[in-house]
Amino acid sequence: MSEALAHANIYTEEDYYNLPENARAELIDGQIYYMSAPSRVHQEILNFMNTEINIYLRSKKGPCRVYPAPFAVKLFEDDNKTVVEPDISVICDPNKLTDRGCTGAPDWITEIVSPGTSSYDYVRKLNLYTDAGVKEYWIVDPRNQTILVYFFDQDSFNVRQYTFQDKIRVNIYDDLWIDLAGLEL
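Residues numbered from 1 in each chain as written. Predicted model: local features only at pLDDT ≥ 70, side-chain atom pairs only at ≥ 80, totals over all residues. Heavy atoms only, no water.

Structural notes on the sheet that holds strand β10 (residues 157–163)
- In spatial order, the strands read β3-β5-β7-β8-β9-β10; together these 6 strands make up an open sheet with mixed pairing. Two strands in the sheet have a free side with no partner beyond their single neighbour: β3 (65–68) and β10. Going across the sheet, the axis of each strand differs from the next one's by a mean of 15°, ignoring polarity.
- Inspection of the sheet shows strand β5 (residues 88–91) paired to strand β7 (residues 108–112) by 3 bridges, in the antiparallel sense. Directly across from Ser 89, in β7, lies its bridge partner Ile 109.
- Against the sheet, helix α2 (residues 40–60) contacts β3, β5, β7 and β8 (136–141), and its axis sits at roughly 165° relative to β3. (Pairing = 2+ DSSP bridges. Helix = DSSP H or I, 4+ residues; strand = E, 2+ residues; numbered from the N terminus. Axes fitted to C-alpha atoms, helices over the stretch in contact; angles between N-to-C directions. Contact = heavy atoms within 4.5 Å.)

This is the structure we're talking about:
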């Protein structure tokens, strides 16, 4: 075969940060994935959950902070080819916070599924977040009104499914419950 195979561009963290300011994208394994603008329902869920989490964290006066998207998370300190923007990131180690966002795995990540991103959130990001050491990962599906809660502790991988009518305990805290029934869609 005389023709050379086409090589895909491999992008880095520098390329990611040099994207136009209004570009919504993530960098995973050297590939840039552009994201469309979120729906109104997506934003309603994001705002509701972020507010509930923020009120709880502020009442505890501890080190944990919540950041809604867009918020850059470099999951692996030594990897300059992966920067994601989870819908909600909870970080309890202030040393992971930088002027650009977070370097290292957040303690808890929530992704709100859009029709075009479901396999991305259910498979690719699940594996990525597990490998990075995220302790808890929620996948919120507005269309089916379900929430998958993955909790990773040192020895096990637990997953539970809930509906928007359930009151859900956050595993990384003893007394935080999220009740999406209070959300008026």
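Focus: the pairing of strand β1 (residues 25–28)
- Of the two faces of β1, the one carrying Ala 25 and Leu 27 and the one carrying Glu 26 and Ile 28 are both buried.
- The loop that links β1 with its antiparallel partner strand β2 (residues 31–34) comprises 2 residues; one of these, Asp 29, has a positive phi angle of about 50°. (Buried < 20%, exposed > 50% of the residue type's maximum accessible area, 1.4 Å probe, protein only.)

Comments concerning the packing of aromatic side chains
- Enumeration over the complete set of coordinates arrives at 9 aromatic pairs.
- Their ring planes at 85° and their centres at 4.9 Å tell us that Tyr 129 and Tyr 137 sit as a pair that is edge-to-face.
- Three or more aromatic residues joined by ring pairs form one cluster here, namely Tyr 129, Tyr 137, Tyr 150, Phe 152 and Phe 157.
- Against the face of Tyr 17 rests Arg 100, its NZ or CZ located 3.8 Å from the ring centre. (Phe/Tyr/Trp six-rings, centres within 6.5 Å; stacked < 30°, edge-to-face > 60°. Lys NZ or Arg CZ within 6 Å of the ring centre and 35° of its normal.)

With respect to α2
- With 21 residues, α2 should cover 30 Å at 1.5 Å per step; its first-to-last C-alpha distance of 30 Å lies within 8% of that length.
- Residues His 42, Ile 45, Leu 46, Phe 48, Met 49, Asn 50, Ile 53, Tyr 56 and Leu 57 constitute the buried set of α2.
- With its phi angle positive at about 55°, Lys 61 sits one or two positions after the end of α2. (Expected span 1.5 Å × (residues − 1).)

So, the nonpolar core
- Among the nonpolar cores identified, the biggest contains 26 residues, and Met 49, Trp 108, Trp 138, Ile 147, Tyr 173 and Ile 178 are the most heavily contacted of them.
- Every element with two or more residues in this core is listed here: α2, β5, β7, β8 and β9 (146–152).
- Counting 21 residues, the second largest nonpolar core, distinct from the first, contains Val 73, Ala 105, Tyr 120 and Ile 139. (Core = buried A, V, L, I, M, F, W, Y, C linked by side-chain atoms within 4.5 Å.)

Structural notes on the state of the cysteines
- For the coordinates displayed, the defined rule picks out 1 disulfide.
- Disulfide pairing is shown between Cys 64 and Cys 92; the S-S distance is 2.0 Å. Its torsion about the S-S bond being 110°, the disulfide of Cys 64 and Cys 92 is classed as right-handed. Highlighted residues: Cys 64 in the loop between α2 and β3 and Cys 92 in the loop between β5 and β6 (101–103), separated in sequence by 28 residues.
- Cys 64 sits in the buried class, given a relative accessible area of 11%.
- In this model Cys 102 remains outside any disulfide bridge; the closest cysteine sulfur is found in Cys 92, 10 Å from its own. (Disulfide = S-S within 2.5 Å.)

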